[in-house]
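# Secondary and tertiary structure notes
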Amino acid sequence: MKFDVYGVGNAITDIQARISDELLEKIGFTKGVMTLVESEKQGHVLASLEGHPVNRCAGGSASNTIAGIADFGGTAAYAGKLADDEIGRFWLSDMQALGVTVDTPLGTGVSGTSVILITEDAQRTMLTHLGISATLGPEDLSEEQIAASQYVYVEGYLFTGESTRAAAYRAIELAKKHNVKVAFTVSDPFLIHLFRDEFLKLIAGPVDLLFCNLEEARSLTGKTEPVDCAQQLHHLAADVALTLGGDGSLILRDNQVIPIEATPVRPIDTTGAGDMYAAGILYGLTNGLSYRQAGHLASQAAGRVVSQLGARLSRKFTPQEVARFASL
Ligand SMILES: Nc1ncnc2c1ncn2[C@@H]1O[C@H](COP(=O)(O)OP(=O)(O)OP(=O)(O)O)[C@@H](O)[C@H]1O
Ligand SMILES: O=C(O)C[C@@H](O)[C@H](O)C(=O)CO
């Protein structure tokens, strides 16, 4: 079996609710970022959502990207840790239904969940309890599957734990050993405050393709203008995809700046926008598209996920749509 992409991440199930800014303020978490919390805290927050419809959906940053690649018709494998509980089995069956290879055995404990609060501006605020996902370690990776992949995709969230950080480094090491490209997503601005030097070392070292959003790029570079941020990062990494929310994205490749427009949509929920964008780029690059074509596909895919509730596409792309969007 050959894979377009092998993903490594915290396997998380999302529990989503749409709430007002007033309620978010009352709950008291920073809007737009991910905060790690204990499950008791999640329970208190969920209890305070009385009367709000709550929806459940498989999630996790790298796993959303891997699911997106499968949605386009790509081949993918994933390493992430789930418990043998109702949520873990739900997550796994969702991934397997997409044809994604996940060989990490279910463990004992509690599966990771993220309570995602979506405000009227379509922004998402995430309260994540990692549970067993934090125990993913180097031993959970498949060297054989990594060697059979074109890219390994590593999420920055893995750096919040010793075991998951070791898994990230091992995945990168195995990728390099087998001449597999390394793609890395910064994941969240708070991680840069904790791991700036480490991330910069990775970006200037083994990372072949970097994904980040504008806030992350500004924080990494100290620059303000998107193109200045992207160019500075491109001095470090061969390929850079800088996302700019509703303003689209910039792809930098061979000292060339490729601007990609956003797809005009009515935003409902931005959860997973960056993840789905990465799916479009990675699917495109591993399936013969140019960087510009991959960017168009990524923009269409991210636009679709922004115009619906949840991080996974509720309506998949047909092969005809993939071909049409990629040729724009
Ligand atoms: N309002 C929007 N309208 C259209 N497309 C959007 C909008 N917001 C985001 N996108 C698309 O999604 C891509 C990624 O968005 P963004 O830069 O917000 O990433 P992100 O911060 O990583 O997202 P998230 O963390 O919410 O998943 C953008 O480059 C764009 O293509
Ligand atoms: O970053 C996002 O917008 C969402 C995801 O990465 C996601 O679904 C997640 O990490 C929580 O499960």
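Throughout what follows, the structure given in this document is the object of discussion. Everything numeric in this text was worked out from a predicted model, so none of it was measured. (Residues numbered from 1 in each chain as written. Chains lettered and ligands numbered in written order. Predicted model: local features only at pLDDT ≥ 70, side-chain atom pairs only at ≥ 80, totals over all residues. Heavy atoms only, no water.)

### Observations concerning the packing of aromatic side chains
Within the structure shown, the criterion is met by twelve aromatic pairs. An angle of 55° between the planes, with centres 5.3 Å apart, marks the rings of phenylalanine 72 and phenylalanine 317 as tilted. Remark: phenylalanine 317 occurs in the loop between helix H11 (291–306) and helix H12 (319–326) and phenylalanine 72 occurs in the loop between helix H3 (61–71) and strand S5 (76–79); sequence separation between them is 245 residues. Owing to a relative accessible area of 5%, phenylalanine 72 belongs among the buried residues under this scheme. A relative accessible area of 6% means that phenylalanine 317 is categorised as buried. Aromatic side chains phenylalanine 317 and phenylalanine 325 sit 5.6 Å apart centroid to centroid with 85° between the ring planes, which places their arrangement in the edge-to-face category. Phenylalanine 325 gets classed as buried once you look at its relative accessible area, which sits at 8%. (Phe/Tyr/Trp six-rings, centres within 6.5 Å; stacked < 30°, edge-to-face > 60°. Helix = DSSP H or I, 4+ residues; strand = E, 2+ residues; numbered from the N terminus. Buried < 20%, exposed > 50% of the residue type's maximum accessible area, 1.4 Å probe, protein only.)

### Looking at the pattern of salt bridges
This structure, assessed with the given rule, holds 15 salt bridges. Across the pair aspartate 208 and lysine 176 runs a salt bridge, and its minimum N-O distance is 3.1 Å. Separated by 32 residues along the polypeptide, aspartate 208 in the loop between helix H7 (189–204) and strand S11 (209–213) and lysine 176 in helix H6 (residues 162–177) bring together distant segments of the chain. For lysine 176, a relative accessible area of 36% corresponds to the partly exposed category. (Salt bridge = Lys/Arg side-chain N within 4 Å of Asp/Glu carboxyl O.)

### Observations regarding the layout of surface pockets
Space inside the second largest pocket adds up to approximately 150 Å³. Broken down by class, the residue content of the lining of the second largest pocket amounts to six nonpolar, no polar and five charged. (1 Å grid on protein atoms, 1.4 Å probe; cavity = no way out; pocket = protein on both sides within 12 Å on 5 of 7 lines; lining within 4 Å. Points joined across faces, edges and corners; volume = space filled by probe spheres on them. Nonpolar A, V, L, I, M, F, W, Y, C, P; charged D, E, K, R; others polar.)

### Some points on helix H10 (residues 273–286)
In this model, H10 (14 residues) spans 20 Å end to end at C-alpha, consistent with the 20 Å of a helix rising 1.5 Å per residue. The element H10 is largely enclosed, with a buried count of 13 among its 14 residues. Of the residues one or two after H10, glycine 288 is the one with positive phi, at around 80°. (Expected span 1.5 Å × (residues − 1).)

### Topic: the environment of threonine 318
Turning to its location among the elements, threonine 318 is positioned in the loop between H11 and H12. Separated by 247 residues in sequence, threonine 318 and aspartate 71 have C-alpha atoms that sit 8.6 Å apart.

### Topic: the sheet that holds strand S4 (residues 54–59)
The five strands are arranged S3-S8-S7-S2-S4 in an open sheet whose pairing can be described as mixed. Both edges of this open sheet fall to strand S3 (34–36) and S4, since each of them pairs with a single strand only. For this sheet, the mean inter-axis angle between neighbouring strands, taken without regard to orientation, is 25°. With six bridges connecting them, strand S7 (residues 112–118) and strand S8 (residues 124–129) associate as antiparallel partners. Bridging across to S8, serine 114 finds its partner in threonine 128. Along the sheet face, helix H2 (residues 39–47) touches strand S2 (12–18), S7 and S8 and points at about 35° away from the line of S7. In the packing of helix H4 (residues 86–97) onto the sheet, the strands contacted are S2, S4 and S7, and the crossing angle to S4 comes to about 60°. (Pairing = 2+ DSSP bridges. Axes fitted to C-alpha atoms, helices over the stretch in contact; angles between N-to-C directions. Contact = heavy atoms within 4.5 Å.)

### Focus: the site of ligand 1
Residues in contact with ligand 1 amount to 19 residues; listed here are only the nearest, Asn213, Thr243, Gly245, Gly248 and Gly274. A distance of 2.8 Å is found between an oxygen atom of ligand 1 and a side-chain nitrogen or oxygen belonging to asparagine 213. Expressed as a share of its isolated accessible area of 630 Å², the protein-covered part of ligand 1 is 85%. Those elements giving two or more residues to the shell around ligand 1 turn out to be H10 and H11. Looking at which element gives the most residues to the shell around ligand 1, the answer is H10, with three residues. When its residues are assigned to classes, the shell around ligand 1 shows eight nonpolar, ten polar and one charged. (Near = heavy atom within 4 Å. Polar contact = N/O pair within 3.5 Å; in protein donor to acceptor, adjacent residues only side chain to side chain. Areas by Shrake-Rupley, 256 points an atom, 1.4 Å probe, with all protein chains shown as cover.)

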